[in-house]
Each structure stands twice: as C-alpha cells, then as structure tokens.
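The lines below spell out each chain.
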Amino acid sequence: MQVTVPATGVNSYNYSFSYLCLPDDKNVCIIDDIIRAMEEIQSARTANRSVPILRYPITQLADGRQAYIGHQLGGVQGWGPSGAVRGQGTGARGEGVRSARALQLTYYLQAHGSLMDRVASQWEKAFCAELQHFAALHPKLGLYPSTSSSLRTDFQFSSVLAHRPLLASLGACGVLAVLCCSMRDCVRSKPWLGLLALLSVTLSGLTAAGILNLTGATYNSTYLGIPFVMLGHGLFGSFEMLSSWRRTREDQHVKERVASVFEDVMLRFSGSTMLHLMTLGLAASPLTNMEAVRLFCRTATLSVTISYVYMLSFYSSCLVFTGYLETGYRHGCFCRRVPKPDRLDSKPAWYRCLMYTRYQDEAQTTNPPHEVDHSPAQTPNSNLTLTHAHIHPHTPNNTAAHGHVHVANSTHPHPLPHPLPLPLPHSTANTEPNPQDSHLLLGCVRRCYGDWITNTYVKPFVVLLYLVYISFGLMGFLQVTQGSDPSALVAMDTATVLYTRAQQRYFSSYSPVIGFYIYESAPYWNASVQRDLLEYAKGFQRISWLEAYLNYLSDRNQSTSQPRENFTHTLRHSFLREPQFAHFADDIIFAERGQGEEPDVAASRIFLVAKTTENKREEMSVLLDTLRRLSLTSRVRFLIFNPSFVYLDRYAAAVSSPLRHSLLAVLFLLGLSSLAVMEPLVSVWLGLTLLSVQFGVLGFMTLWGVELDCMSVLCLISALGHSADSSGPLLCGFASGQGDSRTRWVRVALERHGVPSLQTLICYSAALVPVSSVRSNLTRTLFRCLTLTAGCSVLHTLAFLPTLLTFLPPSKTQGQRPEGEGQRQEVECVEMNDSTRVVDQITTV
C-alpha cells in the first residue's frame, strides 16, 4: 500500500513513503524484519524452493542475520517436537511458527526540518484514513493504527469531551448554591450570594487563563482539575462569610457587620489559602521531578491566588450590597421593599408566603424593655436621656455568648423617658430568628445532628467507624499499583486505547526490548568478564554481539580468551565483515589508542527481552530494580534503558510526592503555631487530620481501581488544601471557646462551621456528577479522586473530629482566654431625643 501526500506551497510535490522513510546505511527504507522474512517465504514459494522456517521469537533471515520478531507477531501457535501444535504464546526459542493471530508493523519516517515534519504529519493522517477505508472493506479484519501524534491528540481530546459536562457542572452547582443560601425569610435570604460566589470563582478562572495565554503557556487536559480546586476553596470561603454574617447583630450598621465578618473569617480563610499555596508551590518547585505535576501546580497556584483576591474584593463587595438590601428590608431575590405585616394581611396567600419576613420591631416585642420609674422632682428639661450599658461578652461574634446588661438612670437632673431596648450581644433568645425562619441545614444541625453525634451511645460507633476507615485505607495503601500505562490519561474509545488493548492482548508475552549499555571500556577478552556478561543475559531472549562473536570464534576452533590485540583484530577485520554479522557494527564503539595499536572497545550494547506473564508491569518493575542493583555492584559498568522505563521511574516519584507534601504541610502548620498565628493544639489536630485524609484517599482510591498515575498524584496534592478548608475552621472554633463543656463547644462549632462544610459538599458533589459521564480515563480518575477527597474531608469534619474532640485535648476548663476575647468590653450608648424624634445615637467601645 502506497500513500502520497500533496505538499502545500508554490512548488507542489507528491511525497511517497519511499521519500519520507528513514533510510539505513545503504539508503534503503528501514522496514520490520517480519516483512523481510515473509518476502523470503513468498519468493521461495514462487521459485519452488524449500520454504525457510519462520522461527519465534528470534528467526534467521536468508543472509544469516538473526532478527527478533517477538513484538511483530502476536498470538503465535508453534509446532511441537513431533509436529504437535503448541498453545498460543507457549513456543520455545527457535520453534517454527504455525499461525499467528496478530501482526504489528512499524513505519519509520524522517522529520528533518519544518517542511518534512509537516509532510510527515500529513502522511500519517492520510495513512490512517487509508486504513479506515481498508477496514470498512474488510470488517472481519481488525486494524488499529497509532501514530506519533495519536497520544497527544487523544490526551487533549478529553478536554473536548468535557466541554458540555463542565457547563452542566456549573449549572448544577449554581442551582444548589442558590438553594444553600436561601432561607424562609425573604429579606435575610441571600440567593444571589450563591450565584455571585460561583461567578467570583469563574471570573478568577478566566483571569488566570488570560494571564497564562499572555505569557505563552500551553493548555493540557490535566488542567481540568484546576476549576474544582478553585471551586472547593472559593465555596468554603463564601459560605463561611455568609454564616458569619448571619451571626452578626442585625441592629448594627452594615460596615460594622462586614468588619465583624472579616474579623471572624478572614484569618482562617487566609491561613487555608496559605496552605494551598504552600503545597501547590512545593509541587511546582524543582523538588518535584514530574513535569506534568509542576505545570499543573504552577497554574493552580496562580488560580488560587487570583481567587483569593476576588473573594476579598468582588465577593465582599457583593456581601456589602446585599447587606444594605437587608437593612432596607428588601426582598433577597427581587430587591423590592417588603411591606409590613399589616399591609400583607390583605394580600393573597402566595404573596404573603413570597414576601414573608420578620421585622425588627416584632423581635423587640418578644423582649420588652425594662420599665423604669422616674422621680417627679426634676428640672423641666425633658429632652435628654442618658443610658449606660456595660456588656461582658465571652467571645465576639458568638451565638453562645452570655451578656450582662445593667441599665440605670442617670443622676442628671432631667426627667428620663423610657430608653430604647438595648440588644444583647448575640444572645440566642434575642437575635436568633424564629425556628421557621432559620436556615434549613442550620436547623437540622442545631436541633438534630449536633445532639446525635455527641450522644454518649453514638460515640463508640463513630470511633469504630474511624478504625474501619483506617483499616480499609491501610488495605488499599498496601495494594497501591503503578500507573505506567499512558492510555490511562486519554479519552476512551480512541486510537491509543484500542491500539493499547490489542497490544496487551496479543503482544504481552514478552517485555519491551531492554538496551543493555556498557558505557566504559571493559576487558572483553577476559574469560571471567565474558562469563559475567553471559550470566547477566542468561534467561533473556537476546541478540548479543558478544555471544555471537564467541560462537564465531568457537566455530573456527579459536580460543575465546585471547590477548587484547588478537581479540580486537579478529573482531574488527573478520567478524564484523561477515554479512550476517555486519549489523553488529552499530552496537560497538571503538576508541583509538596509539599509532599501530589496535583500538579498544570503548562502549557496546546488547538487546534483551524478558518473558512475561499477565502481570507484565509488576514483573518489569522487579526486573528493572534487579538490573539496576546489579549495575551498582558489577565490575562491568553498565546501565539499562527502554522508553517505557520513564513511566516506571515516574511511579517511584509518584508514591513519594504526596507523602512528602503531607509532611511538609504538617511542618508548615507547626511553624505557624510557633509564630503564635495558630494555637499549637490546633496545628497538631489539623496536621493529623490532613495526614488521615491523605491516607484515606490514597487507600480508597486504590480499592476503587485507580492507579497512582499523574492525575491521581495531582488530586492527592490538592486534597491537602481541601481538607484544611473543611476541618480548619471547626478546629479553630472549638479551640477558641473557654468554659462550658466539650460537648457544648462541639455543637457550637458544628453550627458555625459544620454547616458551611456541608453546603460546600453539596455544591461540590453536584459539580462532580456530570464529570463522571465523560468518556475519558483521565476524567474518570479525576472524578473518583475528587469524590473521595470531598467524602473523606467531610467525614472528618462532621463525624470523626466532633466525636474525638469530646474526650481528647484541648480542654475547656476556665482559664486565660485568648487575647481580645478575655478583655472586658464596655459599651456606652447615649441617646439624644428632642420633642419629636431621635436626633442621634453615639456608641463607643
């Protein structure tokens, strides 16, 4: 079959395979040895001569040269000693081939210069199209082409397949984000903040993509995981800010409420962002020897940084805007002012349900102000009221704080009208919404889940569940398998996958050809060195110049242990000039000595092929380790190489990379605690949580059939930041409380920080579901790893940590409170009234 490709340009030429092929020393196209062997068989039949025997896996051609055809014939059935037929793949060395089920042909093209490279690429496409046409005419014949660009094309095709599922993920996440931010109260409901949080993540992703395009960076399909890293981190921050907003006092100004939110959330959110940047930055550094991991983490670091900036600027501005809408009693969705209850009574039921809210004066009627008797003996000026309030909160922005308010009349000689009621600082009875107004998830956690998870009879089962979690994680960790197959990173049903399946089915009886390179001058004429080299190659299917040369000397009744000059002279002037041995000249490099002296053999190579079984990759890994250890102790310096070893070597780096980054993250947390940024016990707990989540994800992903390849390593690295986002606020909230019981503070921490984690899990899971429908091995690995990351993180946040913190340190005994919380706050409110209206109210702290 001949395929011609018209060249583009002014001068148009037709390039055939004979012009594009890679020539040998005789300027003849390099073709597979099986083609030469079949041509010899065909010519012998045409000439009515005896047909040469085709042996497997090493056969002998007509010119006497030995050729390895183990990777060119597959599913071989050989003839036994007495003419019996051997089973498939059971033929011994040198047996005749009776039949074969598969044939693999390789065409080598030259690509010198841009023109030849472009023409070679067009030839490959035309060749694949010709094969497809040929396969259509012969449906019983399976043809699986694979070119030099197939792996790259099929790898990038995952991004094309993921376009629509990613849009579906964005839509599903947006819908659930709106529902998670909605409440029964139409004024305090914040549905737009859910969409704006998603918009903030989207804008930060577009900004990062624009920066990458401006800097000339290229895109690859592993970047599909970056939006989910940004989504998890951004949603945690947005839901934490919204939860903190709902805990602020509604009678405060919007600016004061936003300041309280920033004081409560931003330190923790900034710490988790620093942990993200630290883990991703380390993975993007030269400490990681995997280029795909470095590129991914470099881009993810930029994206997380931009997302953090957007969260501080864009989303915070949106929170301020919705705060003003709430202050003006405007509908959270339609932004129109909600009428008071007396005007809603005349409206239809659906309108009353849609416009339901709780006005501040309704809340005040449930807590009437203190009545104060005034003495009649006072001066006529009755326009000024002075009220002193001393408030001693346990913690700022705390729904569990206890306030003590002392209201007394001033000794100022003026009549005192009844003062306005002074709200308690986050007292549950005074500022919390009614049960029907509360957020659904918050109500479930407060009334049901918090009491259930801290129940004395539930704790043993949670501890038992954690032991089961560790056991299954250890089981999977001990079964971690290497992801050395490149087809695991491409789309399904592509040329690469079909070709790999056919190759594994028919050509897995032998390992890849291993190059055995002796890179130093060795005394090949020494009998002990010859024995060592023959012993190293023993058990392999091999084509060795040394073995052929020693047999050559034996056939000529010459000693194999000759002086160096005789050994080298015979090798150069006799052995390599024989036609059947001339090709060995490419395997030997001679180094000139002095004038009139025979050169030394400076370097040489031998090709080895190992017999394998079904566990081909495991056997190759063991063989590679054995030969490398042998190269360190052998007196003959050699190394071994095959292009597939790149994937095997990557496995060792892939195993150590997540563990190394986990330990570095723990050290980073301990460093923060030493700088008084974070409490030491919180750092220890958070570090143990990160290790536990990482261990569980690694073990369960192995049990789920995910191999440790490039994509799974990226997910394991990003799992550190995700678990820190989820469990960090809970641990900080629990550790900051003093007094009361452990169970009480666990419930408070669950109400404050468990609900945002649960909301993030819901939205994050909805975004992952459409990704599972993409027909790609890469996205399948991404979906499984991210699902396990989210599941293990929320399991620790909502189950394991709340249970363990009820009986493990830190303690909740009365003691020194953290700085800023133990200080007594004195609030003085001065109300100035004239005869008609309130003029001003000044509050100082």
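Source: prediction; values computed, not measured.

## Concerning the side chain of glutamate 40
Logical step 1: Here glutamate 40 shows up in helix 2 (residues 33-46).
Logical step 2: For glutamate 40, which is buried and forms no salt bridge, the nearest opposite charge comes from arginine 36, at a distance of 7.3 Å.
Logical step 3: The residues contacting glutamate 40, other than those within four sequence positions of it, are Pro52, Leu61 and Ala62.

## Points about the environment of phenylalanine 321
Logical step 1: Residue position: phenylalanine 321 is located in helix 9 (residues 291-327).
Logical step 2: Given the relative accessible area of 52%, phenylalanine 321 is considered exposed.
Logical step 3: Note: C-alpha distance between phenylalanine 321 and valine 254 (67 residues apart in sequence) is 9.1 Å.

## Structural notes on the packing of helix 8 (residues 254-283) against helix 23 (residues 710-736)
Logical step 1: Two numbers describe how helix 8 lies on helix 23: the axes approach to 9 Å, and their chain directions differ by 160 degrees. Taken together, the axes of helix 8 and helix 23 lie roughly antiparallel to each other. Viewed along their axes, helix 8 and helix 23 form a crossing whose handedness is right-handed. Contacts from Arg268, Ser272, Leu275, His276, Thr279, Leu280 and Ala283 of helix 8 reach helix 23 at Ile717, Leu720, Gly721, His722, Ala724, Asp725, Pro729 and Cys732.

## A few points about the state of the cysteines
Here a disulfide denotes a covalent bond joining the sulfur atom of one cysteine to the sulfur atom of another.
Logical step 1: Following the criterion strictly, the structure yields one disulfide and no others.
Logical step 2: The disulfide that involves cysteine 21 links it to cysteine 29, with 1.8 Å between the sulfurs. Judged by the torsion about the S-S bond (-60 degrees), the cysteine 21/cysteine 29 disulfide is left-handed.
Logical step 3: The exposure class of cysteine 29 is buried, given its relative accessible area of 18%.

## Section: unusual backbone geometry
Logical step 1: Residue proline 57 is reached from tyrosine 56 by a cis peptide bond, and omega for that bond is 0 degrees.
Logical step 2: Locating proline 57 in the fold gives a position in the loop between strand 3 (55-56) and strand 4 (58-60).
Logical step 3: Even without a glycine there, the phi angle at cysteine 335 is positive, about 65 degrees.
Logical step 4: Here cysteine 335 lies in the loop between helix 9 and helix 10 (341-344).
Logical step 5: Here aspartate 493, not a glycine, exhibits a phi torsion of approximately 60 degrees, which is positive.

## Here we look at the pattern of salt bridges
Close approach of charged atoms allows side chains of opposite charge to pair.
Logical step 1: A full pass over the atoms with the stated rule returns 19 salt bridges.
Logical step 2: Linking glutamate 326 and lysine 190 is a salt bridge whose minimum nitrogen-to-oxygen distance equals 2.6 Å. Of the two residues, glutamate 326 sits in helix 9 while lysine 190 sits in the loop between helix 5 (163-180) and helix 6 (191-214), which places them 136 residues apart along the sequence. Take glutamate 326 and lysine 190: they sit in the same class, and that class is buried.
Logical step 3: For the salt bridge of arginine 446 with glutamate 751, the shortest nitrogen-to-oxygen distance reads 3.5 Å.

## Structural notes on the packing of aromatic side chains
Logical step 1: Scanning the model with the defined rule gives 28 aromatic pairs in all.
Logical step 2: Residues tyrosine 68 and tyrosine 510 carry aromatic rings whose centres are separated by 6.4 Å and whose planes lie at 90 degrees to one another, so their mutual orientation is edge-to-face. Linking tyrosine 68 in strand 5 (residues 66-68) with tyrosine 510 in the loop between helix 16 (495-506) and strand 12 (514-518), this pair joins segments that are 442 residues apart in sequence. In this structure, tyrosine 68 and tyrosine 510 share a single accessibility class: buried.
Logical step 3: Centre to centre, the rings of phenylalanine 477 and phenylalanine 695 are 5.6 Å apart; their planes meet at 40 degrees, and the pair counts as tilted. Separated by 218 residues along the polypeptide, phenylalanine 477 in helix 15 (residues 459-477) and phenylalanine 695 in helix 22 (residues 680-703) bring together distant segments of the chain.

## Comments concerning the environment of leucine 761
Logical step 1: Counting through the fold element by element, leucine 761 comes out in helix 24 (residues 742-768).
Logical step 2: Taking the C-alpha atoms as reference, leucine 761 lies 9.3 Å from serine 726; in sequence the two are 35 residues apart.
Logical step 3: Once residues within four sequence positions are removed from consideration, leucine 761 is found in contact with Ala790 and Val794.

## Structural notes on a nonpolar patch on the surface
Logical step 1: Taken together, the side chains of Val463, Leu464, Leu465, Leu467, Val468, Phe472, Met475, Leu703, Phe807 and Leu808 present a nonpolar region at the surface, about 810 Å² in accessible area.
Logical step 2: The element contributing the most residues to the nonpolar patch is helix 15, with seven residues.
Logical step 3: Checked against the element boundaries, leucine 808 lands in the loop between helix 25 (777-804) and strand 17 (825-833).
Logical step 4: Here leucine 808 falls in the partly exposed class, since its relative accessible area comes to 31%.

## A closer look at the confidence of the model for the chain
Logical step 1: Looking at the chain, the pLDDT average stands at 80 and 80% of residues meet or exceed 70.
Logical step 2: Predicted confidence for residues 362-437 stays below pLDDT 50, and this span has 135 contacts to residues more than four positions away or in other chains.
Logical step 3: Scored below 50 in pLDDT, residues 815-845 makes 58 contacts in the model with residues more than four places away or belonging to other chains.

## Describing the pairing of strand 15 (residues 600-609)
Logical step 1: Within strand 15, seven of the 10 residues are buried, leaving the element largely enclosed by the surrounding structure.
Logical step 2: Where strand 12 and strand 15 come together, five bridges link them in antiparallel fashion. Counterpart to phenylalanine 516 in the pairing with strand 15 is isoleucine 606.
Logical step 3: Two strands pair when backbone bridges link them, and strand 13 (residues 541-543) and strand 15 are joined in this way by three bridges, in the antiparallel orientation. Opposite arginine 542, over in strand 15, you have leucine 608 as the bridge partner.
Logical step 4: Note: strand 14 (residues 588-591) against strand 15, four bridges, orientation antiparallel.

Here is what the cut-offs are and how they apply
Residues numbered from 1 in each chain as written. Predicted model: local features only at pLDDT ≥ 70, side-chain atom pairs only at ≥ 80, totals over all residues. Heavy atoms only, no water. Helix = DSSP H or I, 4+ residues; strand = E, 2+ residues; numbered from the N terminus. Buried < 20%, exposed > 50% of the residue type's maximum accessible area, 1.4 Å probe, protein only. Lys, Arg positive; Asp, Glu negative; His and termini not counted. Salt bridge = Lys/Arg side-chain N within 4 Å of Asp/Glu carboxyl O. Contact = heavy atoms within 4.5 Å. Axes fitted to C-alpha atoms, helices over the stretch in contact; angles between N-to-C directions. Parallel < 35°, antiparallel > 145°, perpendicular 65-115°, else oblique. Left-handed = near helix turned anticlockwise from the far one by under 90°. Disulfide = S-S within 2.5 Å. Phe/Tyr/Trp six-rings, centres within 6.5 Å; stacked < 30°, edge-to-face > 60°. Patch = residues over 30% accessible without salt bridge, like charges linked within 9 Å, V, L, I, M, F, W, Y side chains within 5 Å. Areas by Shrake-Rupley, 256 points an atom, 1.4 Å probe, with all protein chains shown as cover. pLDDT = per-residue confidence, 0-100. Pairing = 2+ DSSP bridges.

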